[in-house]
Amino acid sequence: NAGVTQTPKFRVLKTGQSMTLLCAQDMNHEYMYWYRQDPGMGLRLIHYSVGEGTTAKGEVPDGYNVSRLKKQNFLLGLESAAPSQTSVYFCASSYVGGETQYFGPGTRLLVL
Amino acid sequence: GENVEQHPSTLSVQEGDSAVIKCTYSDSASNYFPWYKQELGKGPQLIIDIRSNVGEKKDQRIAVTLNKTAKHFSLHITETQPEDSAVYFCAASIRGYSTLTFGKGTMLLVSP
C-alpha cells in the first residue's frame, strides 16, 4: 500500500515551458487535491476533484490546469511556466470532503 | 469562506518542556479540526484530529482542545523531544461538505 505518490520529485523548467505533475493514490479515495507550499504562506489549494471526471478551482488556480480521467490519478499541468510558480507542490487525497487528507511526498519545482 | 489563523509562527522550547500552538477559525459551522506535522523535505502527516462533539482528545504526549464558543482550538505537546521539531499545521472544515482550510503553520524547534 503505497498511499499517495507523486512524480517527479524534482524538476527545473525554463520560463514558458510546460510540464505535468502526476499524483496517484491506491486508497480508493474519491477526493483529490493539489496544493502549493511557499515560505510563510502555508498550504494553498490550487485545484481539487470530488470524483473521477470532475475538477474544481481552489484558492490559487490561475496558471494551472488539472484532469482526473481515472479515480486513482490526478494530474496538474503548467502550460507556460513562470518564475512565480517556483514552489513545492503537494498532492493529497481523502475518502470524503472535509475529512482527513493523506499527503504525498511533494514535487519541488524551480522555474528559471 | 473559512479563515484559520495560527499562532505563533515560530516556537522554540527546551527538551522536556511543553509546547502549545493555537488556532482560531471563523466559520461556526466547521466541525472537524485536524493537526498535521511536516518534517523537513516531507509531506504533512496527520498526528491528531478532533470533532466538534468533543472538547479534548489525547494521544500519548499530544492533546488537542476545542472551544466552540470562542472558535479556537489548540495543540499541546508535553515532554517535548528533538524529534518533535517540525512545522505543525492546523486546519478546519465541515465534514462531508468542504475542503480543509489550513493555518499558515508553526515551526517548532526543540533544543536538546
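Whatever comes next refers back to the structure up there.
These numbers were taken from a predicted model, which means no experiment stands behind them.

J.: With reference to specific residues and values, describe the overall build of chain B.
T.: When its secondary structure is counted, chain B shows zero helices and 11 strands. The C-alpha radius of gyration of chain B comes to 13 Å, within 12% of the 13 Å expected for a compact globule of 112 residues. Summarising its shape, the C-alpha atoms of chain B cover approximately 40 × 25 × 20 Å along the three principal directions. For chain B, the residues scored as buried account for 43% of the 112 residues in total. Sequence separation of at least 24 residues holds for 54% of the intrachain contacts in chain B that already meet a minimum separation of 6. Accessible surface, chain B as shown: approximately 5,700 Å² in total, 48% of it carbon and sulfur. Within chain B, one finds 11 positive and 12 negative side-chain charges whose respective centroids are separated by 7 Å.

J.: Any chance you could break down the state of the cysteines for me, citing the residues and the numbers?
T.: Going through the model one piece at a time under the given rule, you end up with two disulfides over all chains. In this model Cys23 of chain A forms its disulfide with Cys91 of chain A; the gap between the sulfur atoms is 1.9 Å. Between Cys23 of chain A and Cys91 of chain A, the disulfide has an S-S torsion of -75° and is therefore left-handed. Here Cys23 of chain A is found in strand S3 (residues 19–25), whereas its partner Cys91 of chain A is found in strand S9 (residues 87–94), with 68 residues between them in sequence. In this structure, Cys23 of chain A and Cys91 of chain A share a single accessibility class: buried. Shown here is the disulfide that connects Cys23 of chain B with Cys90 of chain B, its sulfur atoms set 1.9 Å apart. Between Cys23 of chain B and Cys90 of chain B the disulfide shows an S-S torsion of about -100°. By sign, it is left-handed. Highlighted residues: Cys23 of chain B in strand S3 (residues 19–25) and Cys90 of chain B in strand S9 (residues 86–92), separated in sequence by 67 residues. Note on Cys23 of chain B: relative accessible area 1%, which makes it buried. Look at Cys90 of chain B and you get buried, because its relative accessible area is 0%.

J.: Account for the side chain of His29 of chain A, naming residues and giving values.
T.: Residue and element names in this part refer to chain A. With respect to the secondary-structure elements, His29 resides in the loop between S3 and strand S4 (31–38). On the basis of relative accessible area, His29 is assigned to the buried category, the value being 7%. Only 3.4 Å separates the side chain of His29 from the backbone nitrogen of Ser94, close enough to count as a polar contact. Not counting the four nearest positions on each side in its chain, His29 is found in contact with Arg68, Lys71, Ser93, Ser94, Tyr95 and Tyr102.

J.: Explain the sheet that holds strand S1 (residues 4–7) of chain A residue by residue, including any values.
T.: All names here are of chain A. Judged by pairing direction, the sheet is antiparallel, and its four strands sit side by side in the order S1-S3-S8-S7 without closing on themselves. Across the chains shown, the open sheet's two edge strands, defined by having one partner strand only, are S1 and strand S7 (65–67). With direction set aside, neighbouring strand axes in the sheet form an average angle of 20°. Inspection of the sheet shows S3 paired to strand S8 (residues 73–78) by six bridges, in the antiparallel sense. By the bridge assignment, Leu22 is partnered in S8 with Leu75.

J.: An account of the sheet that holds strand S6 (residues 56–59) of chain B is needed here, citing residue identities and associated values.
T.: Residue and element names in this part refer to chain B. On the basis of which strands lie adjacent, the open sheet formed by five strands has the order S1-S3-S8-S7-S6 and antiparallel pairing. The sheet is open, and its two borders are formed by strand S1 (4–7) and S6, each paired with just one other strand. Between one strand axis and the next, the sheet turns by 15° as a mean value, whatever way the strands run. As paired elements, strand S7 (residues 62–67) and strand S8 (residues 72–77) share six bridges and run antiparallel to each other. When the bridges of S8 are listed, Leu66 appears paired with Phe73.

Criteria and thresholds
- Residues numbered from 1 in each chain as written.
- Chains lettered and ligands numbered in written order.
- Predicted model: local features only at pLDDT ≥ 70, side-chain atom pairs only at ≥ 80, totals over all residues.
- Heavy atoms only, no water.
- Helix = DSSP H or I, 4+ residues; strand = E, 2+ residues; numbered from the N terminus.
- Rg over C-alpha atoms; globule rule 2.2 N^0.38 Å.
- Buried < 20%, exposed > 50% of the residue type's maximum accessible area, 1.4 Å probe, protein only.
- Contact = heavy atoms within 4.5 Å.
- Areas by Shrake-Rupley, 256 points an atom, 1.4 Å probe, with all protein chains shown as cover.
- Lys, Arg positive; Asp, Glu negative; His and termini not counted.
- Charge placed at Lys NZ, Arg CZ, Asp CG, Glu CD.
- Disulfide = S-S within 2.5 Å.
- Polar contact = N/O pair within 3.5 Å; in protein donor to acceptor, adjacent residues only side chain to side chain.
- Pairing = 2+ DSSP bridges.
- Axes fitted to C-alpha atoms, helices over the stretch in contact; angles between N-to-C directions.

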